[in-house]
Amino acid sequence: MSSVAVLTQESFAEHRSGLAQQQVKVTALNSEEENDPPTYKEAFPPLPEKAPCLEAAQEPAGPWSKIRPIKASVITQVFHVPLEERKYKDMNQFGEGEQAKICLDIMQKTGAHLELSLAKDQGLSIMVSGKLEAVMKARKEIVARLQTQASATVAIPKEHHRFVIGKNGEKLQDLELKTATKIQIPRPDDPSNQIKITGTKEGIEKARHEILLISAEQDKRAVERLDVEKVYHPFIAGPYNKLVSELMQDTGTRINIPPPSVNKTEIVFTGEKEQLAQAVARVKKIYEEKANSFTVSSVSAPSWLHRFIIGKKGQNLAKITQQMPKVHIEFTEGEDKITLEGPTEDVNVAQEQIEVMVKDLINRMDYVEINVDHKFHRHLIGKNGANINRIKDLYKVSVRIPPDNEKSNLIRIEGDPQGVQQAKKELLELASRMENERTKDLIIEQKFHRTIIGQKGERIREIREKFPEVIINFPDPAHKSDIVQLRGPKNEVEKCTKYMQKMVADLVENSFSISVPIFKQFHKNIIGKGGANIKKIREESNTKIDLPAENSNSETIVITGKRANCEAARHRILAIQKELANITEVEVSIPSKLHNSLIGTKGRFIRSIMEECGGVHIHFPTEGSGSDTVTIRGPAQDVEKAKKQLLHLAEEKQTKSYTVDLRAKPEYHKFLIGKGGGNIRKVRDSTGARIIFPTSEDKDQELITIMGTEEAVKEAQKELEALIKNLDNVVEDSMVVDPKHHRHFVIRRGQVLREIADEYGGVMVSFPRSGTQSDKVTLKGAKDCVEAAKKRIQEIIEDLEAQVTIECTIPQKFHRSIMGPKGSRIQQITRDYGVQIKFPDREENPAPAAEPAVQENGEEGGEGKDGKDADPSSPKKCDVIIISGRREKCEAAKEALQALVPVTIEVEVPFDLHRYIIGQKGSGIRKMMDEFEVNIQVPAPELQSDIITITGLATNLDRAKAGLLERVKELQAEQEDRALRSFKLTVTVDPKYHPKIIGRKGAVITQIRTEHEVNIQFPDKDDESQAQDQITITGYEKNAEAARDAIMKIVGELEQMVSEDVTLDHRVHARIIGARGKAIRKIMDEFKVDIRFPQSGAPDPNCVTVTGLPENVEEAIDHILNLEEEYLADVVDNEAMQVYMKPSSHEESKAPSKGFVVRDAPWATVNNEKAPDMSSSEDFPSFGAQVAPKTLPWGPKR
């Protein structure tokens, strides 16, 4: 029997704590009951022996020996700025203010990374990381901007200056960059040998040392170099360089000690040989004295662990340096060692602490490098680093991915060994998946990109959720690209492609657009009150309809959606226009090949015809349709005129078309066209050529196009060029205008003068200043324009002299209606008749009719008791409208105003129809008022009146009355129809048949209702007052009777049915019913019967009821009994098997577990030792205080 030991908590704890060795009783295990347990060494194999120190320093043992050091291009340097040299010393503003701004600026300029910290002595430590060149530049900027500047001079022989400068000044530039100083060397013609150095104290020392070194090299005197370790240099130099200065003075030797920031150990001596030897001996003596009390040591540590040893922002290292400030610790990039310098005792303590730290890190840290194609790196990182941050947080590792510009495939993972392996596995899986992925470019027009993405990315988010494995990349809008890139597993990419192509196809189908030209005055009717009409058209046609802005000159309404829907909406809009006005539509056949030339560049030619013919609309078929039909729409007279011009132009194009472009200043165009197009019409009539002027929308405002036959075009060109030449000939003329008329021309900021200038080629008209009493008016411009302007001014003066003022009496309550929206109607009358119209001030509180009238002077008419002063027949002041102008024009304007006075008529409409005419929330009556531009007044319900009043313009009243009566006819027809539809029929049916008539989920009754268009009401089970066997049918009499017959037919079939009970073993019920009743439904459908199984707790669990026609019931019962027989055999077999599979009733009681057992354990040979206690903090010390999880404002990361 072999000797074994049981691992218990007590024996292991005693072994760990090193108690007095006592023999532990060995508990023998019965080899018959258990196999031989493993030995302790088998269960816990020992770690490899540690190599000797020297060997370890050269090449670390174990797996670390295989680590290949990676030379990084990034370096880190630390600069120290003493308190006395700091430029910004405000301690309260550390990390902010001007100093922080300077650091940010340096980082942006150089590309280096800066970290500032404040030392105990209030000095500034600056750690600079980055490429070597960037670090050097940053250092120079730091010195120049954060340190106070000093200056010093150094004298070296003049002939040595060129060696300091170097070839092309390179050596001097390099020296300035390395020392962060400004070095000024005297010019060759300057006899001075003094070199001036400006910079920080430390920089000046370094620069001075380097310059003296260069000079010493060139000096013909004896030079000796003594290699002394850097740490001893301060002892040789002495405080404030006092010792070395005394030595130089005593021996007459120049001694050059490299400054602390220069990593050189050589001290250079220059001078006479004897004196030089004396100086060297004294320096050696100082060195030997100090060497015995100073140590330089190194600790072996892999270079990748250096940053963990330093800690975040140098925290770990700071703990050591604070305890031992005299120890200097140096980390060299790419080297697997850490150098320590300082007093022997302090160095030994620091070395011991760092070694412990390194050992701990090596035990619990690992790293691995993986190769992943750099083109996948950004996908591994994820959006805003989501993927890589998740891996870092999940596995507690650090992942270093090289930047894109390095094009490196190497990814380095560092951290806990287990976490490193898991992170490596996941990253390689991701990379492998990406290699197997497919990239597909989908061509989607850029105009659809925003629609696919949706508002705030809602639609694209839905697509991404539907295809989570597919990455969808849209191009930058600035690139104007149509390529959308999909990336992911092949099958998913294909599915996503099909889905998006279908979406695009729908968008293309729904993005069909047509433009409908509608006369501007009818836009408000198409919109309707509160947008009711346009909203209805949009909803019913399922289209998007865009109308031009109110202040826009455009008449085009744009409809977007499916082609058929757009056509339907267009038809409805045109129908509204046709209904409102006398609009004629004519179709003209013109060969499709001529369409583009007739339309002209950006529609210039066709636009000129439309404008000339009173703004008719000319619609050409879409390009590529092959249709020759051109539609002209507008007032009948204008349509005919446009048709003639269009056919004439088409004929010219077919025979021989010739085009010439002319240029004239835009201000000349109106003069060339003439009033009402008179001038240009003369040229057209005499030559037969068509002349097209630019519109306000055209970019080139000077371009005039002449088209027609060659002969006609040349003749028109000649006439126009002569006119333009005359216009370019500027003259100055004057005329006499009576001062009393001057105000008319200059009021309203000179509006009349501006109109004259616009109409007559920009002629300048200057009236004398007010108060000068001069009657001379000066005109300057083209000769013809000046003459025409003079003539126009004379006409205006004649109008003013012949001007009369007449009164038009219209009750004040109609004034607002006459003015029209925003005064549009009045403005139209003043333009048409050339008169001025002035409305009276509104009377706020009109006097009641019973009271005496108030006279203009404000005195009450009742002052004279007899009332003779007040004339009851005279009109009120507030009703009188003043019209000024020529008498004949004033009379015409008066008639036009009186025609605008609304008239009221009464229409008799049955009272019971009023509420239907008003409509829901007044929508019906509003629609009629908008459509006919009238006001319709319905009497209050309590009056029970049949009279509806219509108020509006006389021209609109007849249409409104006809429309109202038409609506009454419709409502009466609806009433009659409603009465016919309300026929009721009652059917008596036994309540037990009601569920069958209703059917599953109401399917049967819904079909009857839909087929016969009736309403069928069953009695409420809870209402005892209702007869439970009565079914009510409501609808047209014929339909109600047909529905009754259908119900009675079902009842007849149900009455023929029988119910039979059959005994089925309850153990097979579940098999017959099947999953979710699928099997039993199939049987019921096949045999057209209803089968009911007993509910749980029923007296007879085996009783099953079958209902249907007798023959069907018999067949169904035979079928389910056959099934019972088949299923019952299986049930019996299963029960028999269960008997054998049951465990025996008397199981042997199991012995208690003895835990994990090993042989030859170390504590088994030692007395009174026990196994470690897992809960003991002494046996299992923690790594430190547990870090509280960081709470985020938005909850934990997912």
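Rules and cut-offs
- Residues numbered from 1 in each chain as written.
- Predicted model: local features only at pLDDT ≥ 70, side-chain atom pairs only at ≥ 80, totals over all residues.
- Heavy atoms only, no water.
- Helix = DSSP H or I, 4+ residues; strand = E, 2+ residues; numbered from the N terminus.
- Buried < 20%, exposed > 50% of the residue type's maximum accessible area, 1.4 Å probe, protein only.
- Polar contact = N/O pair within 3.5 Å; in protein donor to acceptor, adjacent residues only side chain to side chain.
- Contact = heavy atoms within 4.5 Å.
- Phe/Tyr/Trp six-rings, centres within 6.5 Å; stacked < 30°, edge-to-face > 60°.
- Lys NZ or Arg CZ within 6 Å of the ring centre and 35° of its normal.
- Pairing = 2+ DSSP bridges.
- Axes fitted to C-alpha atoms, helices over the stretch in contact; angles between N-to-C directions.
- Salt bridge = Lys/Arg side-chain N within 4 Å of Asp/Glu carboxyl O.
- Core = buried A, V, L, I, M, F, W, Y, C linked by side-chain atoms within 4.5 Å.

Enquirer: Give a description of the side chain of Ser-541 that names residues and reports values.
Expert: One can find Ser-541 in helix 22 (residues 532–541). You can call Ser-541 buried: its relative accessible area is 7%. Among the polar contacts made by the side chain of Ser-541, one reaches the main-chain carbonyl oxygen of Ile-537 at a distance of 2.5 Å. Ignoring any residue separated from it by four or fewer positions in sequence, one finds Ser-541 in contact with Asn-565 and Ala-569.

Enquirer: How would you summarise the packing of aromatic side chains if you had to cite specific residues and measurements?
Expert: The description of two aromatic rings rests on the distance between their centres and on the angle between their planes. This structure, assessed with the given rule, holds two aromatic pairs. Over the ring of Tyr-1127 we find Arg-1071, and its NZ or CZ is 4.2 Å from the ring centre.

Enquirer: So what's going on with the sheet that holds strand 15 (residues 397–400)? Which residues, and what values?
Expert: The strand order 14-16-15 describes an open sheet built from three strands, whose pairing is antiparallel. Only two strands of the sheet have a single neighbouring strand rather than two, namely strand 14 (366–371) and strand 15. For this sheet the average axis-to-axis angle between neighbouring strands, irrespective of direction, equals 15 degrees.

Enquirer: Report on the pattern of salt bridges, specifying residues and quantitative values.
Expert: This model, assessed by the stated rule, comprises 24 salt bridges. A salt bridge links Lys-502 to Asp-506; the shortest N-O distance between them is 3.8 Å. Here Lys-502 pairs with Asp-506, and both are found in helix 20 (residues 490–510), just four residues apart, close to one helical turn. The class for Lys-502 is exposed, based on a relative accessible area of 56%. For Asp-506, a relative accessible area of 34% gives the class partly exposed.

Enquirer: Help me get a handle on the nonpolar core, residues and values and all.
Expert: Core analysis: the biggest nonpolar cluster contains 40 residues, and Leu-672, Phe-745, Ile-756, Val-765 and Ile-793 have the highest contact counts within it. Listed by contribution, the elements that provide at least two residues to this core are strand 26 (658–663), helix 27 (666–673), helix 28 (678–687), strand 28 (703–708), helix 29 (710–728), helix 30 (742–759), strand 31 (776–782) and helix 31 (783–801). Residues within four places of Val-765 in sequence aside, it is in contact with Leu-753, Ile-756, Val-777, Thr-778, Leu-779 and Ile-793. Judged by nonpolar contacts, the second largest core, of 21 residues, contains Ile-606, Val-616, Phe-620 and Ala-650.

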